[in-house]
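Structural overview
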Number of protein chains: 2
Amino acid sequence: MPITIAVDAMGGDHGPPVTVAASLRFLEETPDAAIILVGLEQPLNSAIAAARSPAASRASVHAASEMIEMHEAPADALRRKKDSSMRIAINLVKDGTAQACVSAGNTGALMAISRFVLKTLPGIDRPAIASQLPTRTGVTTALDLGANVNCTPEQLLQFAVMGSALVAAIDGIERPSVGLLNIGEEEIKGNEIVKQAAELLKSSDLNFHGNVEGDDIYKGTTDVVVCDGFVGNVALKTSEGLARMLADFLREEFTRNPLRKLLALFALPTLNAFRRRVDPRRYNGATLIGLKGIVVKSHGGADALAFRYALKKAYAESTQRVLERIEQRLAAMAVPVTPVGPVDA
Amino acid sequence: MPITIAVDAMGGDHGPPVTVAASLRFLEETPDAAIILVGLEQPLNSAIAAARSPAASRASVHAASEMIEMHEAPADALRRKKDSSMRIAINLVKDGTAQACVSAGNTGALMAISRFVLKTLPGIDRPAIASQLPTRTGVTTALDLGANVNCTPEQLLQFAVMGSALVAAIDGIERPSVGLLNIGEEEIKGNEIVKQAAELLKSSDLNFHGNVEGDDIYKGTTDVVVCDGFVGNVALKTSEGLARMLADFLREEFTRNPLRKLLALFALPTLNAFRRRVDPRRYNGATLIGLKGIVVKSHGGADALAFRYALKKAYAESTQRVLERIEQRLAAMAVPVTPVGPVDA
């Protein structure tokens, strides 16, 4: 059965020029996929026609008359824009027309509308934002990256369960190792919530490695890194800022004078190999995990290559049945996740 | 009057080989400074003699029979090791023999002993760890980087006051701009403590810029970035991990084959210029701020160059009278920092 992805074609900083180009390119390399581009019909149809893609027959347009602005308050977007491209794309997942949806729009609105329309999985209090980050040894999956500023120990456990299921499905790791982000490896460190979360993780059947520190993320110490959304968002944004500064400094040094510019020409293959290895576009696509449906958030400024990676992610989560795996894990460990109530087994 | 710095000569991963070499080199370039090396007399005297430094006459040795291990529990170090090199160095600040102390030892123990021996400044609940970070435009001073996992809004305000005074003294910026680390620029985002801290900062006489996000640290958006110690420590460690990974990847690409190695030889001046610009050793030395005395923490793995930068920092804080400046600012804004109680002016 082909996988259909609903794309919020108006979302992001660039809209249709990026979303349409990326969608067609994705369809060309993924023969059993279809895409529904949601948004204003006329510009979307023109963009599809102009691209002259051999895969255009698997791209259709679904009309939506409104757009959610990047800085619109999520509550307003949820209440007022019932015919936004984002909302309609999510509706298509809800009614089963599409198996996943991808948007580069307003993160807060995407989370609010997804929760309202799709609801959370049984046993999950609130969805989290999960994303892969490059490490020395491969990748690690970190969550929550900004959806929940205050988390209970039980929520951190739920994030660990969902992150493990995601990594098991996508990376094929049977029992992914889970690290709890903290400020010291010793158990005495950290705040009360993190300490209690560590206890819950220890008594769960997850492969809990223990506490990890910020530098363990890029060391690749564990397959999954769990933290609250405030800490995770600061870690992610700080990384983005540092990487951009270092890239700028490197460019400046290689263009400081004519001799260095000449040198840079020879060094280009080396510098490009380095750049490809840590190209953030290859890691684009954060999963809104914990919903009864697959929703992937692309970076707002994504270009067509980056947006295509977000589409690949949504596709992989559909074919690898991530939602079923999470539900199975939650059912198997029903006791620790919902500590009150009788034991059913 | 010469500035005397007490050095915990046994602290850190390397001990005397690094602390003595760095101290002598520092004295050679700082004619009005003196250093008291605290620790085991015999190895320290031999190290000084072996160095044959022209500045050796300004380095003296003060005996201490014990050492605090890097992973010793702070409470144990405080209670049991009354004659540790760290404790004696702090005592020398307390009794006025030295104007500042520098240690590369156990951070938790240094904080615990400093608080116990020196006490906090009036109006300061708990000291914070402050450090400079490189940015696109220069440097920014971030605090707290790990001393306080849970902070009240009032403490975050105190950090802002101390950070501003530190930057004013060291960088000569009259009214440093202050950013509050958060996960969105909009005022609606963030947790309750950060929101309340923003209100306190707004009604203070500090140059409050507003909320900043993780990437603003390296953009250099503000002169001071304030956050709780959990978030600050994660941001710092994450940055260290990312920078190390990128440096490794760059080295790997430039040594992948003989041709690239040859190229690297030509590119060496460029790569070194890049490396110097972001060399973490140049930013070594975190200030334990809020104490009635100057205490600078060097990175445990610091080499002699890095440790010398920590000594320079302690020296600059002494000559620029950072403590008096903080006290003046606290006195001038006594009302918002201690919101209960009558107004004295």
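1. With respect to the overall build of chain A
When its secondary structure is counted, chain A shows 13 helices and 11 strands. For chain A, whose C-alpha radius of gyration is 21 Å, the value lies close to the compact-globule estimate of 20 Å for 345 residues. Seen along its three principal axes, the alpha-carbon backbone of chain A occupies a region of about 60 × 60 × 35 Å. Here chain A holds 345 residues, and 54% of them are scored as buried. Pairs at least 24 apart in sequence give 73% of the contacts found in chain A among residues at least 6 apart.

2. With respect to the relation of the copies chain B and chain A
Rotating chain B by 180 degrees and translating it 0.0 Å along the rotation axis places it on chain A, where the RMSD comes to 0.0 Å. Expressed as an axis order, the relation between the two copies is that of a two-fold axis. Here 100% of the interface residues in chain B have copies in chain A that are interface residues too; the copies meet face to matching face.

3. Let's talk about the interface of chain B and chain A
Taken residue by residue, the interface counts 44 residues in chain B and 44 residues in chain A. Of all elements in the fold, only α8 (214-219), α9 (229-254) and α10 (258-278) of chain B reach the threshold of two or more residues within the side of chain B that touches chain A. Residue contributions to the side of chain B that touches chain A peak at 20 residues, all from α9 of chain B. In the side of chain B that touches chain A, the residues fall into 23 nonpolar, 10 polar and 11 charged.

4. Looking at the sheet that holds strand β1 (residues 3-8) of chain B
All names here are of chain B. Reading across the sheet, the 11 strands line up as β3-β2-β1-β4-β11-β10-β5-β6-β9-β7-β8 and stay open at both edges, with mixed pairing between neighbours. Looking at the sheet topology across the chains shown, the edges are occupied by β3 (59-63) and β8 (207-212). Recorded for the sheet is a direction-independent mean angle of 25 degrees between the axes of neighbouring strands. Pairing between strand β5 (residues 128-134) and strand β10 (residues 286-289): three bridges, direction antiparallel. Note that in β10 the partner of alanine 128 across the bridge is isoleucine 289. Contacting β1, β2 (33-39) and β3, helix α1 (residues 16-29) runs over the sheet at an angle of about 170 degrees to β2.

5. Quick word on the environment of leucine 263 of chain B
Relative to the helices and strands, leucine 263 of chain B resides in helix α10. Under the C-beta neighbour-count criterion, leucine 263 of chain B is labelled partly exposed, with 17 such atoms within 10 Å. Setting aside residues up to four positions removed in sequence, leucine 263 of chain B forms contacts with Phe266, Ala267 and Thr270 of chain A.

6. Some thoughts on the domain arrangement of chain A
Where interface size is quoted, it is often the accessible area lost as the parts come together. All names here are of chain A. Parsing chain A into structural domains produces domain 1 (1-124 + 290-321) and domain 2 (126-284). Taking the mean C-alpha position of each, domain 1 and domain 2 sit 25 Å from one another. With 19 residues of domain 1 at the contact, the number on the domain 2 side is 12 residues. Listing elements by their share of the side of domain 1 that touches domain 2, those giving two or more residues are α5 (107-118) and α11 (304-319). At six residues, the largest contribution of residues to the side of domain 1 that touches domain 2 is made by α11.

Thresholds, definitions, all that
Residues numbered from 1 in each chain as written. Chains lettered and ligands numbered in written order. Predicted model: local features only at pLDDT ≥ 70, side-chain atom pairs only at ≥ 80, totals over all residues. Helix = DSSP H or I, 4+ residues; strand = E, 2+ residues; numbered from the N terminus. Rg over C-alpha atoms; globule rule 2.2 N^0.38 Å. Buried ≥ 20, exposed ≤ 12 C-beta atoms within 10 Å, placed from the backbone. Contact = placed C-beta atoms within 7 Å. Least-squares fit on C-alpha atoms with pLDDT ≥ 70 in both. Nonpolar A, V, L, I, M, F, W, Y, C, P; charged D, E, K, R; others polar. Pairing = 2+ DSSP bridges. Axes fitted to C-alpha atoms, helices over the stretch in contact; angles between N-to-C directions. Domains from an automatic or database assignment.

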